[in-house]
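# Structural features, examined
Each chain, written out:
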Amino acid sequence: TNAARLTRITARKRGSSRVRGEIVTPEKLVIRDQAEEAQIPGRNGYIGVLPGHAPLITELGAGEISYRSNGRLHRFSMAWGFAEILPEKVTVLAETVERADEIDVSRAQQSLHKAEDLLKSAQSEEEFSVARSKIRRAEARIEVAQHKEV
């Protein structure tokens, strides 16, 4: 896309090949690292981040955060939050974040089944929305846990 091409051009002009990144929850700093690229779960779809990205503050949904550093892919499951994206830094403020090795897959699968049952019995738009959110979170946890080593 034109936006992606413009982002790459901006990064090349500045000469930066990495972006600093932080993932923070109310309890702790989860990670502080440098990345060549990152993907974060925006409320309406995934956002790709390269060095030189245009400034943006956005709401995040449940999903997978991934970033590549020194050729290695790092993956996390997250629930709702916000991200501040600057040309040289990305900060993710999330309600919850889990590394792949912290996820109990059987518990995540149980949560998914419960959420699917909630969805089937939803009587209002609010109940439907809550169930969909729980499904997205459980699916993200399962997906991240199944790819512990990349």
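The shown structure was predicted, so the numbers you read here are calculated from the model rather than taken from an experiment.

What counts and what doesn't
Residues numbered from 1 in each chain as written. Predicted model: local features only at pLDDT ≥ 70, side-chain atom pairs only at ≥ 80, totals over all residues. Heavy atoms only, no water. Helix = DSSP H or I, 4+ residues; strand = E, 2+ residues; numbered from the N terminus. Buried < 20%, exposed > 50% of the residue type's maximum accessible area, 1.4 Å probe, protein only. Contact = heavy atoms within 4.5 Å. Pairing = 2+ DSSP bridges. Salt bridge = Lys/Arg side-chain N within 4 Å of Asp/Glu carboxyl O.

## Quick look at the side chain of Glu22
If you trace the backbone, Glu22 turns up in strand E1 (residues 19-24). Residue classification places Glu22 among the buried positions, given a relative accessible area of 16%. The contact partners of Glu22, leaving out residues within four places of it in the chain, are Leu29, Ile31, Arg32, Lys89, Val90, Thr91 and Val92.

## Looking at the pairing of strand E9 (residues 89-94)
Direction of pairing for E1 relative to E9: parallel, over a ladder of five bridges. Residue Val24 lies in a different strand from E9, and its bridge partner there is Leu93. Two elements, strand E8 (residues 81-86) and E9, share six bridges in a ladder whose sense is antiparallel. Paired with Glu84 across the strands is Thr91, a residue of E9. Counting the residues between successive antiparallel strands, the hairpin from E8 to E9 contains two residues.

## Some details on the pattern of salt bridges
Across all of its chains, the model carries seven salt bridges by this definition. For Glu143, the salt bridge goes to Arg75, with nearest N and O atoms at 3.6 Å. Separated by 68 residues along the polypeptide, Glu143 in helix H3 (residues 125-146) and Arg75 in strand E7 (residues 72-78) bring together distant segments of the chain. When the shortest N-O distance is used, the salt bridge between Glu98 and Arg141 registers 2.6 Å. Of the two residues, Glu98 is situated in strand E10 (residues 97-99) and Arg141 in helix H3; the sequence distance between them amounts to 43 residues. Summarising the burial analysis for this pair, Glu98 and Arg141 share the class buried. One salt-bridge network, held together by shared partners, links Glu64, Arg75 and Glu143.

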